[in-house]
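Descriptive analysis of the structure
The residues making up each chain are set out below.
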Amino acid sequence: MALSNAKSWKPFLDDELNQPYMLVLKEFLRIEKNDGKIIYPHSSHWFHALEMTPLPTVKVVIIGQDPYHQPYQAHGLCFSVQPDVKIPPSLLNIYKELQADLGIPYALHGCLESWAKQGVLLLNSVLTVEYNKPNSHQGKGWEKFTDKIIRTVAEQNEHVVFLLWGNYAQKKGAFIDEQRHLVLKAPHPSPLSAHRGFLGCRHFSKTNQYLEQHQQTAIHWELPKLVSPIY
């Protein structure tokens, strides 16, 4: 467990990786693997969000809960799946809101790496999960580590937009200084809650307006065309 491919984060997170709670987490993950349990995403993708979005480039933070728990889905970016995988329901609602807000047509895939490359940190609170067992790695230590990541962004960067969708994300981001950053809140895009206010929140246009007001480049939310749709 190392940040060798996320060098901009290392000065702020290396010490955290050696805290006692993280050593306990590492041992838990080692035992799980030795017991033959399947863990998602692959260990090479545990810090993919940090690798794709260097700290100085972070302009937007989207907070998820834990990774997708079915094969070939999770690759270390919240809400995102690998390009040849069926688009999950929550992400379809995100696309629905993008279309309503900015007129962007639905993407034909669920890979959000182009957002990450533009400075959108797609961070799950928990970075691993056991196959077919949602939330199975909650309370093992990841939450404290990702709190440190969010605090680092809030302290080191200026005028970041934090998109907090659902109660879980809103509690996790409760400490963010709203005088220094823009915090936008809405219900989770899950089909269970999206109709309660996520759809119609216009967070994507509000994000770009704020960034441009603070002399930053807007996010190009439309995803590149990669593959044919899978339904």
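Cut-off values and rules
Residues numbered from 1 in each chain as written. Predicted model: local features only at pLDDT ≥ 70, side-chain atom pairs only at ≥ 80, totals over all residues. Heavy atoms only, no water. Helix = DSSP H or I, 4+ residues; strand = E, 2+ residues; numbered from the N terminus. Buried < 20%, exposed > 50% of the residue type's maximum accessible area, 1.4 Å probe, protein only. pLDDT = per-residue confidence, 0-100. Contact = heavy atoms within 4.5 Å. Phe/Tyr/Trp six-rings, centres within 6.5 Å; stacked < 30°, edge-to-face > 60°. Lys NZ or Arg CZ within 6 Å of the ring centre and 35° of its normal.

A few points about unusual backbone geometry
A cis geometry characterises the amide bond from Tyr40 onward to Pro41, with omega recorded as -10°. Within the secondary structure, Pro41 sits in the loop between strand S1 (39-40) and helix H3 (48-52). Here the phi dihedral of Asn132 falls at roughly 65°; this positive angle occurs in a residue that is not glycine. Relative to the helices and strands, Asn132 is located in the loop between strand S4 (129-130) and helix H6 (142-156). Residue classification places Asn132 among the partly exposed positions, given a relative accessible area of 45%. Within the chain, His159 stands out as a residue other than glycine whose phi angle is a positive 55°.

Regarding the confidence of the model for the protein
On average, residues of the protein carry a pLDDT of 95, and 98% of them reach 70 or more. pLDDT under 50 marks residues 227-231. Its contacts with residues more than four places away, or in other chains, come to 10 contacts.

Digging into the packing of aromatic side chains
Aromatic ring pairs: the centre-centre distance and the angle between the two ring planes describe each pair. In total, this model carries 11 aromatic pairs according to the counting rule given. Here the aromatic rings of Tyr40 and Tyr131 are separated by 6.2 Å at their centres, their planes lie at 85°, and the arrangement is edge-to-face. Of the two residues, Tyr40 is situated in strand S1 and Tyr131 in the loop between S4 and H6; the sequence distance between them amounts to 91 residues. Taking relative accessible area as the criterion, Tyr40 reaches 15% and is therefore assigned buried. Ring geometry for Trp165 and Phe198: centres 5.1 Å apart, planes at 80°, overall edge-to-face. In this pair, Trp165 sits in strand S5 (residues 161-165) while Phe198 sits in the loop between strand S6 (182-186) and helix H8 (203-213), placing the two residues 33 residues apart along the sequence. The class of Phe198 is buried, set by a relative accessible area of 0%. For the cation-ring pair, Arg151 lies above Phe175, with the distance from its terminal atom to the ring centre recorded as 3.9 Å.

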